Amino acid sequence: SGVFAVVRDYPGDGTNLLPFKAAIAAHVDMVMVGHTRASAIDPSQPASMSPAVMRVLRSALRFQGPVISDDLEAPALGREYPTAPAAVRFLEDGGDMVLIPDDLAAADTAYNAIRAALLAGTYRRAQLDASVQKLLTMSLRYMP
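Residues numbered from 1 in each chain as written. Predicted model: local features only at pLDDT ≥ 70, side-chain atom pairs only at ≥ 80, totals over all residues. Heavy atoms only, no water.

A. Fine view of the overall build of the chain. Of the regular secondary structure elements, the chain holds five helices and four strands. Its C-alpha atoms give the chain a radius of gyration of 15 Å, near enough to 15 Å, the size a compact globule of 144 residues would have. Each of the three principal axes of the chain carries a C-alpha extent, and together these read 40 × 35 × 30 Å. Across the chain, the fraction of contacts at a sequence separation of at least 24, relative to all contacts at a separation of at least 6, is 66%. With an accessible surface of roughly 7,800 Å², the chain has 58% of that area assigned to carbon and sulfur atoms. (Helix = DSSP H or I, 4+ residues; strand = E, 2+ residues; numbered from the N terminus. Rg over C-alpha atoms; globule rule 2.2 N^0.38 Å. Contact = heavy atoms within 4.5 Å. Areas by Shrake-Rupley, 256 points an atom, 1.4 Å probe, with all protein chains shown as cover.)

Following this line, the structure appears as structure tokens:
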């Protein structure tokens, strides 16, 4: 029906990955990484800011589809993770798309930070291209 299926709040607290394994086995379209601290994977930071959490998703769970952030303006990230640097970090760690739904100025600032990371080479162009390809491929499945 043209609606993408998204499993969200990955990895929860990280102690029970079975729902995420089942969603991936059922060919869920996208995975949204939440901001809770994943006690069983990396309790030191929010899941969305953890390269270890992304490695588990991509390697151990073998999810190769698009991975999106939860709202980067959410209070759960706190002041420790400002929106623009959090957006860059999420993408550099292997995410494919960031969500900043309520604040156009914050989205513009994040865009500029992502562009600067591309120009500086900390966020690789090949990685951006791969993310765009994943999102386009997913979208094309639902086109008539």
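The rest of the description comes next.
B. Fine view of the layout of surface pockets. If you add up the space inside the largest pocket, you get close to 240 Å³. Broken down by secondary-structure element, the contributors of at least two residues to the lining of the largest pocket are strand E4 (97–99), helix H4 (104–120) and helix H5 (125–140). For the lining of the largest pocket, the leading source of residues is H4, giving six residues. Taken together, the residues that form the lining of the largest pocket break down as 13 nonpolar, one polar and two charged. (1 Å grid on protein atoms, 1.4 Å probe; cavity = no way out; pocket = protein on both sides within 12 Å on 5 of 7 lines; lining within 4 Å. Points joined across faces, edges and corners; volume = space filled by probe spheres on them. Nonpolar A, V, L, I, M, F, W, Y, C, P; charged D, E, K, R; others polar.)

C. A nonpolar patch on the surface, seen in detail. A cluster of nonpolar side chains, Phe4, Val6 and Tyr142, forms an exposed patch at the surface whose accessible area comes to about 220 Å². Note that Val6 resides in strand E1 (residues 6–10). Overall, the relative accessible area of 36% leaves Val6 in the partly exposed class. (Patch = residues over 30% accessible without salt bridge, like charges linked within 9 Å, V, L, I, M, F, W, Y side chains within 5 Å. Salt bridge = Lys/Arg side-chain N within 4 Å of Asp/Glu carboxyl O. Buried < 20%, exposed > 50% of the residue type's maximum accessible area, 1.4 Å probe, protein only.)

Geometry only, nothing functional implied.
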